[in-house]
Amino acid sequence: MDLEKNMDLEKNTYLVETSSNLVQSHSHSPTDTHELSPGFDGKHDGIRLKKALKARHVSMIAIGGSLGTGLLIGTGSSLSLAGPGSILIAYAFVGLLVYIVMSCLGEMAAYIPLDGFTSYATRYADPALGFAVGYSYLFKYWIIVPNQLTAGALVIQYWIDRDKVNPGVWITVFLAAIVLINFLGVRFFGEIEFYISAIKILVMLGLILLLLILACGGGPHGDARGFKNWSNPGAFKEYSKAITGDKGRFVAFVSVFVLALFAYLGTELCGIVVSECKNPRKAVPKAIKLTMYRIIIFYLISIFLLGLVVPYDDKLLLNAKKAKTSAAASPFVVAIIKAGIPVLPSFMNACVLIFVFSAANSDLYVASRSLYGLAIDNKAPKIFAKTNKNGVPYWSMLMGILFALLAYMNVSSGSAQVFNYFVNCVSIFGLMSWISILIIYIRFDRAFRVQGVSKDALTYKSPFQPYSAWFALFFCCLIGLIKNFTAFLGDKFDYKSFITGYIGIPVYIISYVGYKLWNKTKLIPSEEVDLVSFKEPVDLEEEEGKLLDEERAAYIKAHGKDMKWYYEKIFGWIV
């Protein structure tokens, strides 16, 4: 549309002028006591990342980031460990924490979208907190990319044994593909993730329907399980032969929280992509508001039905728990095999491969943007803030690629154990990022209250604040402390699991304290928190969006409903 093109031209001119003026005025302010990094730089022509993502991209990336192997495969370990009742409660509770974290993030991102969690922390809380959360989040994604590539190679081994084709071949293929997708720019990345996420949604909806049919006796064997598995062997499993009774059931229940945590990690991804999104005040609230529905449908309903179909003591489930990352390790495949459906296991392996590829693709994206955000915020060398004509921070991406090369350790089967420890590290680094988001939001919310700024005009307001943020913060900290308590329960102390499970906490604390002492930073007083800078360009973009919506409404009124209208009405709850 001509209107949209003219608006984009005017907006870009305004952004450059506004960002330059704001940076200059801020640099001469005698009251400046903290760093300010919203992704603008007067020396670099305004926004350096491309705002090429649309609302449908952000919405689908948000759901795609939360649908991964943690759900498709990890739920099997949870079910065999604690039983269907325990995992339903645990996943529901962690899902509630996720929703609170996402709503807090959504309010900040819709108000003024920044380049990452480090920028939010630097602006609203403390630059030292920005340093700590920035590097904790970066470490998580530097670690998880090679792990995803390794998982992809293991999935292929379901069809082709490693003795026939070296895993290094598949790692190379996957790595080349995700590098190409990321290097072509965020618009291309967004389109790829949009369609991959659509496939994920269809797979999960198909699995939910299949489990419902099997639970009602619609499978080849005609066995209507209903709630039989909740009675025998039971809904709550004892932890071990040594730890039994109510104590054993409670220990098993608590131990599931770390698996639930790992399954939900990645949900916060939309907080990273928002800096490259058009009209974030329209896109972000939509993505956040639908988070609860997606948690209920894709997590809780699928887990509930899985517990109806597969008992926690099933031999196939116990074998799946020991299997590698492939269809053989998925509890959904166990349900399919038990039902006597022959073709679906191989199809499910292909679905697992798509899930893994999507995860590797988005993880490399987040790794590059996380390092870029640190560089923009003066917490990493400026070279990592350089972008190409497609808006891709290529030096930051190169660092992510170098860490991805660790996946070639899988070529030697003896070193694959290292990745088990890497996975253990990922969940604690991810949890520290959630804790940081909640702390940042509490400071953000307090600044509004202290400065007397009303939130009534905000496009999106997080519900029940600040009480829900404090509630989520308490339980996230509690889960972090008890995360690997099972290391003490065996006959021998599992020090490797203990160290890798908790290493993120001292790394986070050392990063925070070290940066604070070195740079002598202070917690930003609520009355001095900047709630104004760079708000005008976002306000302008919001107004442009409203004009385009009005133009769209006028077009529909004049020409009638078109395919786009029906698409938005039918699939709007998902995308």
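Residues numbered from 1 in each chain as written. Predicted model: local features only at pLDDT ≥ 70, side-chain atom pairs only at ≥ 80, totals over all residues. Heavy atoms only, no water.

### Concerning the pattern of salt bridges
Convention followed: Salt bridges, as used here, are contacts in which a Lys or Arg side-chain nitrogen is within 4 Å of a carboxyl oxygen on Asp or Glu. The helix count covers DSSP runs of H or I at least four residues long, the strand count covers runs of E at least two residues long, and both are numbered beginning at the N terminus.
As enumerated under the stated definition, the model contains 14 salt bridges in all. Here Glu107 ties to Lys455 by a salt bridge, and the two come within 2.5 Å at their closest N and O atoms. A residue pair is termed long-range when its members are at least 10 positions apart, and Glu107 in helix H5 (residues 84-111) and Lys455 in the loop between helix H19 (417-450) and helix H20 (467-482) qualify at 348 residues. The closest approach of N and O atoms between Arg123 and Asp530, which form a salt bridge, is 3.7 Å. Here Arg123, found in helix H6 (residues 117-124), pairs with Asp530, found in the loop between helix H22 (504-519) and helix H23 (535-559); they are 407 residues apart in sequence, far enough to count as distant. Connected through shared salt-bridge partners, Glu107, Asp445, Arg449 and Lys455 make up one network.

### With respect to a nonpolar patch on the surface
Selection rule: Residues qualify for a patch when their relative accessible area is over 30% and they have no salt bridge, like charges being joined within 9 Å and the nonpolar side chains of Val, Leu, Ile, Met, Phe, Trp and Tyr within 5 Å. The protein chains shown are the only cover counted for residues, whose accessible areas, like all others here, come from Shrake-Rupley with a 1.4 Å probe.
A grouping of Phe183, Ile383, Tyr394, Trp395, Leu398, Leu402 and Leu405 is seen on the molecular surface, where their side chains present a nonpolar patch of about 580 Å² in accessible area. Top element by residues in the nonpolar patch is helix H18 (residues 394-404). It accounts for four residues.

### Let's talk about unusual backbone geometry
Here is the rule: Note on classification: 1.4 Å probe, protein chains only; a residue is buried when its accessible area is under 20% of the maximum for its type, exposed when over 50%, partly exposed between these limits.
Cis rather than trans, the peptide bond between Asn232 and Pro233 has omega equal to 15 degrees. Secondary-structure assignment places Pro233 in helix H10 (residues 228-234). Cis geometry marks the peptide bond from Gln465 to Pro466; its omega dihedral reads 5 degrees. Counting through the fold element by element, Pro466 comes out in the loop between H19 and H20. Residue Phe464 is not a glycine yet carries a positive backbone phi of 55 degrees. Relative to the helices and strands, Phe464 resides in the loop between H19 and H20. A residue is classified by how much of its surface remains accessible, and Phe464, at 67% relative accessible area, is exposed. Of note in this structure, Lys520 is not a glycine but carries a positive phi near 55 degrees. Note on placement: Lys520 falls in the loop between H22 and H23.

### Topic: the confidence of the model for the chain
For clarity, the cut-off: You can read pLDDT as the predictor saying how much it trusts each residue, on a scale of 0 to 100. Contacts are residue-level and defined by heavy atoms, with any inter-residue pair within 4.5 Å sufficient.
Looking at the chain as a whole, the pLDDT averages 80, with 82% of positions reaching at least 70. Mean pLDDT across the elements of the chain bottoms out in helix H1 (residues 2-27) (40) and peaks in H20 (93). Under a pLDDT of 50 for its full length, residues 1-47 has, in the predicted model, 64 contacts with residues more than four places off or in other chains.

### Observations concerning the nonpolar core
For the record, the criterion: Side-chain atoms within 4.5 Å link the members of a nonpolar core, which is a set of buried Ala, Val, Leu, Ile, Met, Phe, Trp, Tyr and Cys residues.
Counting residues in each nonpolar core, the largest one holds 161 residues, and the members touching the most others are Tyr91, Tyr124 and Leu149. Apart from residues lying up to four places away in sequence, Tyr124 is in contact with Met108, Tyr111, Ile112, Ile440, Arg443, Phe444, Ile524, Val529, Asp530 and Leu531.

### Here's the deal with the state of the cysteines
The condition is simple: Here, two cysteine sulfur atoms that lie within 2.5 Å of each other are counted as a disulfide.
All told, the structure shown has zero disulfides when counted by the stated rule. There is no disulfide at Cys476, and the cysteine sulfur nearest it, in Cys477, is 7.1 Å away. For Cys476, a relative accessible area of 1% translates into the label buried.

### Comments concerning the packing of helix H9 (residues 186-215) against helix H14 (residues 291-309)
Helix-helix packing is characterised by the crossing angle of the two axes and by the distance between the axes. As a reminder, the rule being used: Only the stretch in contact is used when fitting a helix axis, every axis being a line fitted to C-alpha atoms; angles between N-to-C directions are given from 0 to 180 degrees. Oblique is the label for any angle not under 35 degrees, not over 145, and not in the 65 to 115 range, which are roughly parallel, roughly antiparallel and roughly perpendicular in turn. Note: crossing handedness is left-handed where the near helix turns anticlockwise from the far helix by less than a right angle, and right-handed where it turns clockwise. In this count, Pro and Cys sit with the nonpolar residues alongside Ala, Val, Leu, Ile, Met, Phe, Trp and Tyr, while Asp, Glu, Lys and Arg are called charged and the others, Gly among them, polar.
Between H9 and H14, whose axes approach to 9 Å, the crossing angle comes to 30 degrees. The pairing of H9 with H14 is recorded here as roughly parallel in orientation. Handedness of the crossing formed by H9 with H14: left-handed. Across from Ile201, Met204, Leu205, Ile208, Leu211, Leu212, Leu214 and Ala215 in H9, the residues of H14 making contact are Ile297, Phe298, Ile301, Ser302, Leu305, Leu306, Leu308 and Val309. Per-class residue counts for the contact of H9 with H14 are 15 nonpolar, one polar and no charged.

### Overview of the packing of helix H7 (residues 127-156) against H22
As a packed pair, H7 and H22 sit with axes 8 Å apart at the nearest point and diverge in direction by 145 degrees. In this structure, H7 crosses over H22, and the sense of that crossing is right-handed. Of the residues in H22, those touching H7 at Pro127, Ala128, Leu129, Phe131, Ala132, Val133, Ser136 and Phe139 are Val507, Tyr508, Ser511, Tyr512, Tyr515 and Lys516. Residue classes in the contact of H7 with H22 are distributed as eleven nonpolar, two polar and one charged.

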